[in-house]
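Breakdown of the fold
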Amino acid sequence: MVSFRIPLILIQILILLPISLASTSVTTSVCKSTPYPDVCLDSLKLSVSININGIILQSLKVAISEALKLSTLMSNADGFNIIEMHKGTIQDCNELHQITLASLDKSLTRLAATSSSKTSKLADVNAFLAAAVTNKDTCLEGLESASGPSKPLVVGTIIAAYKHVSNCLSLLSDSPPSGSRDVSDKGMAWLSKKDGYDEGDDDDDNMLTVAADGSGNFTTITEAINFAPNNSVDRVIIYIKQGLYEENVEIPSYKPNIVLLGDGRDATIISGNRSVVDGWTTFRSATVAVSGEGFLARDIGFYNFAGPEKHQAVALRINADLAAVYRCTISGYQDTLYVHSFRQFYRECDIYGTIDYIFGNAAVVFQGCNIISRMPMPGQFTVISAQSRDSPYEQTGISFQNCSIVAAEDLQNFNYGHKLSWTAMEAILSDRIHRVLH
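Residues numbered from 1 in each chain as written. Predicted model: local features only at pLDDT ≥ 70, side-chain atom pairs only at ≥ 80, totals over all residues. Heavy atoms only, no water.

Applied cut-off: UniProt positions are given in the numbering used here, feature names are shortened, and annotations may be inferred rather than shown by experiment.
For the chain, an unreviewed UniProt entry supplies the name Pectinesterase and the organism Deinandra increscens subsp. villosa. Under the UniProt heading Catalytic activity (unreviewed entry), the note attached to the chain is "[(1->4)-alpha-D-galacturonosyl methyl ester](n) + n H2O = [(1->4)-alpha-D-galacturonosyl](n) + n methanol + n H(+)".

In structure tokens:
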């Protein structure tokens, strides 16, 4: 009898071959449904997973790797020969990309802890990835007006890197549904004792006080924000006394859980006048700009006094997850409130504007708010909202629940906006719509 020994390497090949073939077949099938199939296949060429969760994890790891490469490139952007048409273009891209990196890292952590039978974290991941795609869009919008020999390289690298993020978002839609959360008429708990603040307690020893007359800890809001601890897991309560604060306030992503409390929407006023006409990007024009997660505001007026002739001029911009605004006035003309990204909630607020004055790509609910249209310039129409979702995989949209949509005194002809989309990205629920006729 002739005996022979099969080489170990051959045995390993024979064992792994069916798995490899199955993996290739699954990967090819899954990638066909993504926006960029070739990019998907390339990112998964080393993957042996045959389940959707494993494929998403591998795709996300590649997305993070490509995003880190882009981060290195963008950190040297100041040395590039890029000429900004609007102030803040490169700064916007850098800041937004850092938020994207954090969102991708959090997505990977959530997915790694999520089994196919436990999908409660998938809604978080969708919010993070949708925000990342929105960050890319905002950066590219700013770069449209820029010039210089390095612009094609920067734009091309950004587009290439974010293709992986878009693919991750589409792959996530193939996972089991994560369910939904209802928004009741009671809305959300505003500030609970668990947050370290009770609405009737304004003498909290941990509260930072801002007073324009010098009677507080600080005379400007920016000073208080700078003093607040970085990356705090606890609420940082900043009480802003009655007064007019003429400053542009920025709450960066490393300042989470900031709470701004005022003396009333008509008493504590934060005002600015930046605009696109005066050379700022729309993103950077905001009087108050919030990137810190868990932001809360109550009883404050946010104003941009640039005027309708200055076109895009933001009063409040929020690109922070789990943000809420209560009993505030947000006043401007074009692009008043920039609900840029993530998940946001507004209750009992007065929002004034002319064109697209509630806009962005957040998943946002307005409850019991007054939506007040002002007189636009000649030849313009009043458009209330502009939702910018451009992907069917994003769970974003603008919803109005029990809101009153009215015309300001200066508005003689009220033209209800054209943005009520059949895609249900925007929804009007139980609203009272008042038309002012000739």
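What follows picks up the thread again.
1. Concerning the pattern of salt bridges
Oppositely charged side chains can pair when the atoms bearing their charge come close. Note the following rule: We define a salt bridge as a contact between a side-chain nitrogen of Lys or Arg and a carboxyl oxygen of Asp or Glu at a distance within 4 Å. Each helix corresponds to a stretch of at least 4 residues labelled H or I by DSSP, and each strand to a stretch of at least 2 residues labelled E; elements are numbered beginning at the N terminus. Think of it in three bands: with a 1.4 Å probe and only protein chains considered, a residue is buried below 20% of the maximum accessible area for its type, exposed above 50%, and partly exposed in between.
Per the counting criterion, the structure on display carries 14 salt bridges. The partner of K106 in a salt bridge is E293, and the shortest N-O contact between them spans 3.0 Å. Residue K106 is found in helix 4 (residues 89-112), and its partner E293 is found in the loop between strand 7 (288-290) and strand 8 (296-298); the two are separated by 187 residues along the sequence. Judged by relative accessible area, which is 33%, E293 ranks as partly exposed. Residue K136 is joined to D137 by a salt bridge in which the shortest nitrogen-to-oxygen separation is 3.0 Å. The class of D137 is buried, set by a relative accessible area of 18%.

2. Overview of the packing of helix 3 (residues 52-75) against helix 4
To keep things clear, this is the line we draw: Every angle, taken between N-to-C directions, lies between 0 and 180 degrees, and every axis is a line fitted to C-alpha atoms, over only the stretch in contact when it is a helix. Roughly parallel refers to an angle under 35 degrees, roughly antiparallel to one over 145, roughly perpendicular to one between 65 and 115, and oblique to any angle outside these ranges. Two helices crossing with the near one rotated counterclockwise from the far one by less than a right angle form a left-handed crossing, whereas a clockwise rotation gives a right-handed crossing. Note on definitions: a residue-residue contact is assigned when non-hydrogen atoms from the two residues lie within 4.5 Å. In this count, Pro and Cys sit with the nonpolar residues alongside Ala, Val, Leu, Ile, Met, Phe, Trp and Tyr, while Asp, Glu, Lys and Arg are called charged and the others, Gly among them, polar.
At their nearest, the axes of helix 3 and helix 4 sit 10 Å apart, and the two run at 160 degrees to each other. Comparing their axes, helix 4 and helix 3 come out roughly antiparallel. As helix 3 runs across helix 4, the sense of the crossing is left-handed. For the pair helix 3 and helix 4, contact is made by I56, L57, L60, K61, A63, I64, A67, L68, L70, S71, M74 and S75 and by C93, N94, H97, Q98, L101, L104, D105, S107, L108, L111 and A112, respectively. Looking at the contact of helix 3 with helix 4 residue by residue, the class counts come to 15 nonpolar, six polar and two charged.

3. What to know about the state of the cysteines
Formally: In this description, the term disulfide denotes a pair of cysteine sulfurs within 2.5 Å.
Tallied over the full model, the rule gives two disulfides. Note on cysteine connectivity: C31 is disulfide-linked to C40, with sulfurs 2.0 Å apart. The sign of the -70 degrees torsion about the S-S bond sets the C31-C40 disulfide as left-handed. Like C31, the residue C40 is buried in the burial classification. Across the disulfide, C93 is cross-linked to C139 (sulfur-sulfur distance 2.0 Å). In this structure the cystine formed by C93 and C139 twists about its S-S bond by roughly 100 degrees; its chirality is therefore right-handed. In this pair, C93 sits in helix 4 while C139 sits in helix 5 (residues 122-143), placing the two residues 46 residues apart along the sequence. Each bonded cysteine of the chain is numbered by sequence order, and under that numbering the disulfide pairs are 1-2, 3-4. C403 carries a free sulfur, and the closest cysteine sulfur to it, the one in C369, is 4.7 Å from it.

4. A word on unusual backbone geometry
Despite not being glycine, D356 shows a phi value in the positive range, around 45 degrees. Relative to the elements of secondary structure, D356 occurs in strand 16 (residues 355-360). Non-glycine residue N402 carries a positive phi angle of around 55 degrees. Along the chain, N402 falls in the loop between strand 20 (397-401) and strand 21 (404-407).

5. Quick notes on the packing of aromatic side chains
Heads up, the condition is: Aromatic rings from Phe, Tyr and Trp, with only the six-membered ring used for Trp, were paired whenever their centres fell within 6.5 Å, and each pair was classed as stacked if the ring planes differed by under 30 degrees, edge-to-face if by over 60, and tilted otherwise. Look at NZ for Lys and CZ for Arg. If either is within 6 Å of the ring centre and within 35 degrees of the ring normal, a charge sits over the ring.
Applying the stated rule across the entire model yields six aromatic pairs. Between the aromatic rings of F218 and F227, the centroid separation amounts to 5.4 Å while the plane-to-plane angle is 50 degrees, which identifies the pairing as tilted. Classification of F227 by relative accessible area gives exposed; the value is 55%. Through pairs of rings, three or more aromatic residues link up here, namely F283, Y338 and F359. In this structure, K106 is placed above the aromatic ring of F128, and the distance from its NZ or CZ to the ring centre is 4.7 Å.

6. Let's talk about the nonpolar core
Cut-off, in case you're wondering: Buried Ala, Val, Leu, Ile, Met, Phe, Trp, Tyr and Cys residues that are joined via side-chain atoms within 4.5 Å together make up what is termed a nonpolar core.
One finds F295, L316, Y346, F366 and I371 to be the most contacted residues of the largest nonpolar core, which totals 47 residues. Setting aside chain neighbours within four positions, we find L316 in contact with V288, V290, F302, V325, I330, T336, L337, Y338 and Y346. Among the nonpolar cores identified, the runner-up in size contains 36 residues, and L44, I90, C93 and A146 belong to it.

7. Brief notes about the sheet that holds strand 16
Strand pairing in a sheet is mediated by backbone hydrogen bonds. Such pairs are either parallel or antiparallel. Heads up, the rule is: The pairing criterion is simple: DSSP has to find at least two bridges between the two strands.
Pairing within the open sheet is parallel, and its six strands lie in the order 4-7-10-13-16-19. Every other strand in the sheet has two partners, leaving strand 4 (249-251) and strand 19 (383-387) as the edge strands with one partner each. With strand direction ignored, the average angle separating the axes of adjacent strands in the sheet is 15 degrees.

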